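Fold and contact review
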Protein chains: 2
Amino acid sequence: MLGLMQNWPLLIHKIIDHAASQHPDREVVSRSVEGPIHRIGYRDVRRRALRCASRLVKDGIKPGDRVATLAWNTWRHLESWYGITGMGAVYHTINPRLFPDQIAWIANHAGDRILMTDLTFVPLLEALADKLPTIERYVIFTDDAHMPPTKLKNAVSYESWIAEGDEDFRWAEVDENAAAGLCYTSGTTGNPKGVLYSHRSNVLHSMAMCSPDCLGLGARTTILPVVPLFHANSWSIAFSAPMSGAKLVMPGARLDGASVYELLESEQVTVTAGVPTVWMMLLQHMEKEGRRFSSLKRAVVGGSAAPRAMIETFESVYGVEIFHAWGMTEMSPVGSIGSIKPALGDLKGAALFDVKQKQGFAPFTVEMRIDDDEGNPKPWDGKTFGRLKVKGPAVAAGYFKGEGGNILDANGFFDTGDIATIDEHGFMQITDRAKDVIKSGGEWISSIDLENLAVAHPDVAEAAVIGVFHPKWDERPLLIVVPKEGRECTAKDILTFMEGRIAKWWLPDDVQVVKEIPHTATGKINKLKLREAFKIYRLPNT
Amino acid sequence: MLGLMQNWPLLIHKIIDHAASQHPDREVVSRSVEGPIHRIGYRDVRRRALRCASRLVKDGIKPGDRVATLAWNTWRHLESWYGITGMGAVYHTINPRLFPDQIAWIANHAGDRILMTDLTFVPLLEALADKLPTIERYVIFTDDAHMPPTKLKNAVSYESWIAEGDEDFRWAEVDENAAAGLCYTSGTTGNPKGVLYSHRSNVLHSMAMCSPDCLGLGARTTILPVVPLFHANSWSIAFSAPMSGAKLVMPGARLDGASVYELLESEQVTVTAGVPTVWMMLLQHMEKEGRRFSSLKRAVVGGSAAPRAMIETFESVYGVEIFHAWGMTEMSPVGSIGSIKPALGDLKGAALFDVKQKQGFAPFTVEMRIDDDEGNPKPWDGKTFGRLKVKGPAVAAGYFKGEGGNILDANGFFDTGDIATIDEHGFMQITDRAKDVIKSGGEWISSIDLENLAVAHPDVAEAAVIGVFHPKWDERPLLIVVPKEGRECTAKDILTFMEGRIAKWWLPDDVQVVKEIPHTATGKINKLKLREAFKIYRLPNT
């Protein structure tokens, strides 16, 4: 027997309709790419999004077609998402930090028909245009006055293009499970894979994000997403801000410390969200200039692990509560967030930061478990490692065009590829990537923990740990270190330093001192190359 | 093209699974009907709900069957909802304040197979049992030690009954649109009508309620629902509290001022919700005893309009923020809630209370409009009246067994039967019931506004306004007043008092002084009877 409630599909246009109706004059404030600060209310964002939607229809775009955006956080980029999804098409966000060849690869894989972009990226696209055969038109997020001369195919300024659109357009009433957004994972191995969000997944993820333990968004919030819209749905903010009537402050192209600080203060921002790198730049600026925050209360840090010193500085020096978050493109993206539970409410100082350094707990709509290799759950004791797996309405069930095949385990969970602990309070901490963890006699050793300990040695500049073959234990850890300039290290010296600071059986079987460790394009240690380099290495006494 | 996200249906059991996993030791504290305070964590609530679910299966209950609860707010009542919905059946909450014949009528209409109840209601049910032929078993929310001798069919204590249940039961994986709950509207005319909630509607409504501008529930919240579970889903709290990990304080059978105050203080409650009557009792107790709140921050007032003096006392005297809410059984039930928007953030004193007296604005998932009789939208100016209509995933599309036929208008909106204004900030204010509003020459006059003004006259004890036939204007207002004891009123006297305080064309065409005005069972003015009494009345000069 079915309930007798209304059929009200969870469609993205409902969000901007709600904002336009309930929060019509609440502002979206942007640092425009052209320079000046720009202000617009949600009512007008919706009107322009309707124009955009109808204009896409005029250009022959059909429901399900992909429309790419390669752009900074501005009101125009925001409008385009509502316009694209509002006529049934799919926004495909492209990260401009990718190598040009990668951009071409994913635009072709996605089959993007229109590409919307900022002035910033016109030269990049002009150089790349020959490799983008599927793009029928380039829409530049600017007006005619700022439009550069360009030979990009059917190039037009966004303003003149939507001027030909219709404000009385009616949103497409698609299935709530229809595709709405596409974002490719960078993927350390193999080709990027596309995660295809639905209207439903975006709406549910955003509703969860509004709750007090996540972003805590209400009509009185002012939020500045430093996290770009191209970084996995801007962690929901492009949806959750209008959903809740929060004022939205868009930083445009300038993410340096001084520019972000200026906006945080001038717009009296209360909540912000971004990756550790931008917070490092912000903190450096503030320390150098002797600044304080006058309105900021909460900063969400995700994308990669927040260094403990950063958390401490925000909280102890600047009085801003840090919410350490974790997620993945495959999770829309937020999987956990570090609000403090009442059982931990009395913690202070180091004990509190021990908890804040963990990646938080799963909100409603995210199921989380840590499993052994056979899919059996491991205990939540804060010590035992397991493969981190997740399930939920905003978690990927597969990749675009079936790449990667079935990605769910027998229980319907998605294996994140991370190794993590979960403590008795549900706080998760990433300890390693699954492919990097060292499996020694059936037990797991965290390469990251060993690396963190090794770099604490005064003579060590950088450290990497890989597992190497061992006839008895299958794998044992090999520590590879780069000494600080002008310093020398010996294996014995470092092992003596590590002894007593970790379990005895975790101690690396050997230490190799090298001049350099290979890195990936994004600055991470390239363990693939490192394993390659040590392919013929054999542990002593084996 | 569909998105590639996981199929994760919005089922009620996901809520208690989440609470048990992420907030296992977070407490549900109840004042038991037997007397003592009782404590249990969400992990154990889930375990016992699983037993309850499996025990229902053993009793032959099938998905879609109705299981009635006639009970106070306690942990056992809470568990039963998760148990009932967790095996696919439908909880049917019965309001014990209904007349016994009404209880029998709705239990029969619902076809309830099992009835779960408190010790309090055993005598009532024994007197009524002959009229409840569909009930196969009575489960009394107590243990064997407190079980009274009773001849109720197959009566058993809840504790001994679930002891035969299975903690390893697997929740039923039903369609998210499957029926989950049933609640009858009291209905001033005709028979009660059943609103049939789905899993999806309850989950979405509860997610919306967690947001900062609604209940604002997080893991650090402690919430006390004075509003009963039988009052339209306890305004979501039975779901939204475990969903967010909030501590849940259940007041049991004692809703008097002293008992509620004691729990608010002893459990350090931060958020509470209930109808104006209980807050009046609480405030009277506090004033008499000279008490203060040490933890309470937010009180949600709904069910009927909150008197302005109550709002002012809570805020000005006790420092508790009042969230004035409005809803209907047909809306799961919350339709609007009065958080203060930033545009009003600077208001103080009388101007602030003018806003707080309105019923607030619609959260995401509720669409709201005010229409004329032809379904055309009226302006949001805070002055123009319209028929209040709503739409959303937690709004009824029809009543149980098709009673009342089609209840949606051509735009798919549900007509609430209320007349309201909405101001430029989206704040809605109920001005009248549609059937009571006076339609004078195409314009509407609020009977409630006229009544409120009339009782402000020093000699008037009670006032009622009805529309009566007028040859030119179709309808004109007739004011009927009861003088205060020992006072006298004349029509001229009262009309002189009203002049200048309202628009001239609103002024009643006549005033009739009577000894008594008829009331309904719930104490409201019975306008049906009043219209009957004045059926042959003719206005002067017509």
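Just above sits the structure.
Everything quoted here is computed from the prediction, not taken from an experiment.

**Points about the packing of aromatic side chains**
The tally for this structure, following the rule as stated, stands at 34 aromatic pairs over all chains. For the pair Trp505 of chain A and Trp506 of chain A, a centre-to-centre distance of 6.2 Å together with 80 degrees between the ring planes defines the contact as edge-to-face. For Trp505 of chain A, a relative accessible area of 38% translates into the label partly exposed. On the numbers, 5.7 Å between centres and 70 degrees between planes, the contact of Phe385 of chain B with Trp506 of chain B is edge-to-face. Note that Phe385 of chain B is positioned in the loop between strand S16 (367-371) and strand S17 (386-391) and Trp506 of chain B in the loop between helix H14 (491-498) and strand S24 (510-513), a separation of 121 residues in sequence. Summarising the burial analysis for this pair, Phe385 of chain B and Trp506 of chain B share the class buried. Here the aromatic residues Tyr261, Trp279, Phe293, Phe314 and Tyr318 of chain A are joined through ring pairs into a cluster of three or more. Geometry around Phe413 of chain B places Arg369 of chain B over its ring, the cationic atom sitting 5.2 Å from the centre. In this structure, Lys378 of chain B packs its charged tip against the face of Trp444 of chain B, placed 4.6 Å from the ring centre.

**Here's the deal with the pairing of strand S13 (residues 298-301) of chain A**
All names here are of chain A. Both faces of S13 are covered, namely the face carrying Arg298 and Val300 and the face carrying Ala299 and Val301. In this sheet, S13 lies alongside strand S12 (residues 271-274) in parallel orientation, the contact comprising four bridges. Across the sheet, the residue bridging to Gly274 is Val301, located in S13. Handedness of the β-α-β unit built from S12, helix H10 (residues 276-289) and S13 comes out right-handed. Direction of pairing for S13 relative to strand S14 (residues 321-327): parallel, over a ladder of four bridges. Within the sheet, the bridge partner assigned to Ala299 lies in S14 and is Ile322.

**Some details on the side chain of Arg137 of chain B**
All names here are of chain B. When you line up the elements, Arg137 lands in strand S6 (residues 137-140). Among the residues examined, Arg137 registers a relative accessible area of 18% and is labelled buried. A distance of 2.8 Å separates the side chain of Arg137 from the backbone oxygen of Asn154, its partner in a polar contact. Contacts of Arg137, omitting those with residues within four sequence positions, involve Arg55, Asp59, Arg113, Ile114, Leu115, Lys153, Asn154, Val156 and Trp161.

What counts, and at which threshold
- Residues numbered from 1 in each chain as written.
- Chains lettered and ligands numbered in written order.
- Predicted model: local features only at pLDDT ≥ 70, side-chain atom pairs only at ≥ 80, totals over all residues.
- Heavy atoms only, no water.
- Phe/Tyr/Trp six-rings, centres within 6.5 Å; stacked < 30°, edge-to-face > 60°.
- Buried < 20%, exposed > 50% of the residue type's maximum accessible area, 1.4 Å probe, protein only.
- Helix = DSSP H or I, 4+ residues; strand = E, 2+ residues; numbered from the N terminus.
- Lys NZ or Arg CZ within 6 Å of the ring centre and 35° of its normal.
- Pairing = 2+ DSSP bridges.
- Right-handed = clockwise from strand over helix to strand, strands pointing away.
- Polar contact = N/O pair within 3.5 Å; in protein donor to acceptor, adjacent residues only side chain to side chain.
- Contact = heavy atoms within 4.5 Å.

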